[in-house]
Amino acid sequence: MKKKIALLLGVLVLMTAVFAACSTTPTTRAKRWVENQKYTFNITLADLGRDNAFNSYNYSDAVYYKDTAVTLQEANIFASTDEVRPVAAAGTYTMSLTLINTTTYKLITDQVLYSQYETETLQQIDCLALFKDYVVAPTDEENPFSENEGRTTLRSTNHTEVEFSEKESQYPLNSLNQTDGYYLGKTHQNVFKHDYKTVYDFENQTATVTVDNGEAEERKLKLSKGAACLDASQLLVYLRSLDKSSVAFQDSPSVAVYDPISDTLATATFGLTRNFNAILNNKGTEVYTKVDSVGVIIGSTPFLSQFNLPDRLANVGEGFDVIATSSAESKLSKFTTVKFRRGWYSYEIADYDSVENGIIDALTAKEEK
């Protein structure tokens, strides 16, 4: 299951929530985006040391990280995984969210990822012939790396679309996942080029999946009565919808997530750390900030972690990263995702001014030194 979930290359995810019944106040969800928006992220190799722990940096008597701190569980996964770790990575990931009618949003993501490996490693595994259609030559204008000696660059792509309800549950109506990529392991290697089209019917608890324009297959979702469910490609947007104020996440929020590629229904759980010491990259300049950090676990496997802008920005100036509500004095924090990590790949907003002019200054203006 871990490998199949990892195949959702660019599938950064939006979601609907099933919250555990408990005595604490339930974590609320809200539409924290405008009707039409688009963000572009740059992809790099996560700031992971050879000991499978993320590098830390001392600044003003505090410890900061460029990526979310790795858990012991995840460090063990890194250490034991069959997958070969690249020596460098580059690429882009775009996410656009559009209101296509009064009741439905459409999320589209596109990822182009270049992963660089030691050529000697690929020769020892004897997989260069298998991956020949994914190799980007050092002299190719498309190759993003300046250092190529003794290295081989492989290219993969992923395109996803999800139409989902504008209601609080954000239940998916249909989805598309087009993947053209590979799996490079020490003992297992594979290439895959597939289209997965899925139509959801929650009244009958079914997902009808068509693979590569073949025969449609109806699959039972087996949800609890009244339970919400997301398509795996929705996770990031759903994560954004969750409240991240000081009283949030005390009820251990969770949601069912369906992955059409692996035909797997699992539970996603979320953990929030407020005021996380994070280093952001603003046009080549490192900025020391405090952001929210949220980790997502699907089943028992760490899936992704993200940094989002904190709600304190609503009180900076006239308010940053907020949406005005019907009440003139009320503002809804957007909790915009500015960076996230899946495995050893890190994604960061390419231009913070595209989020909001002056957002970096607002984020750092009141930092404690």
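I will try to describe carefully the structure that is included in this document.

Cut-offs applied
- Residues numbered from 1 in each chain as written.
- Predicted model: local features only at pLDDT ≥ 70, side-chain atom pairs only at ≥ 80, totals over all residues.
- Heavy atoms only, no water.
- Helix = DSSP H or I, 4+ residues; strand = E, 2+ residues; numbered from the N terminus.
- Buried < 20%, exposed > 50% of the residue type's maximum accessible area, 1.4 Å probe, protein only.
- Contact = heavy atoms within 4.5 Å.
- Polar contact = N/O pair within 3.5 Å; in protein donor to acceptor, adjacent residues only side chain to side chain.
- Pairing = 2+ DSSP bridges.
- 1 Å grid on protein atoms, 1.4 Å probe; cavity = no way out; pocket = protein on both sides within 12 Å on 5 of 7 lines; lining within 4 Å.
- Points joined across faces, edges and corners; volume = space filled by probe spheres on them.
- Nonpolar A, V, L, I, M, F, W, Y, C, P; charged D, E, K, R; others polar.

Relative to the helices and strands, Tyr57 resides in strand β2 (residues 56-59). Residue class for Tyr57 comes out partly exposed when judged on its relative accessible area of 24%. Considering only alpha carbons, one finds Tyr57 and Ala278, 221 residues apart in sequence, at a separation of 9.7 Å. Once residues within four sequence positions are removed from consideration, Tyr57 is found in contact with Asp47, Ala62, Val63, Tyr64, Lys66 and Ile279. Here the side chain of Tyr57 touches Asp47 through a polar contact of 2.7 Å, side chain to side chain.

Within strand β20 (residues 345-349), 5 of the 5 residues are buried, leaving the element largely enclosed by the surrounding structure. For strand β1 (residues 36-45) and β20, the ladder comprises 5 bridges, and the chain directions are antiparallel. Bridge assignment links Phe41 to a residue of β20, and that residue is Ile349. Sheet topology note: the strand β19 (residues 337-342)/β20 ladder contains 4 bridges and is antiparallel. Its bridge partner being in β20, Arg341 is matched across the sheet by Ser346. Connecting β19 to the antiparallel partner β20 that follows it, the hairpin turn spans 2 residues, and Gly343 within it adopts a positive phi of roughly 60°.

Under the defined criterion, the tally for this structure stands at 3 cavities of 30 Å³ or more. Counted as a void, the largest cavity has a volume near 70 Å³. Around the largest cavity, the lining residues are Gln37, Tyr39, Phe41, Met95, Leu236, Val237, Arg240, Thr336 and Thr337. Elements that contribute at least two residues to the lining of the largest cavity include exactly β1 and α4 (235-241). Across the lining of the largest cavity, the residue classes break down as 5 nonpolar, 3 polar and 1 charged.

Just distances and angles here, no functional claims.
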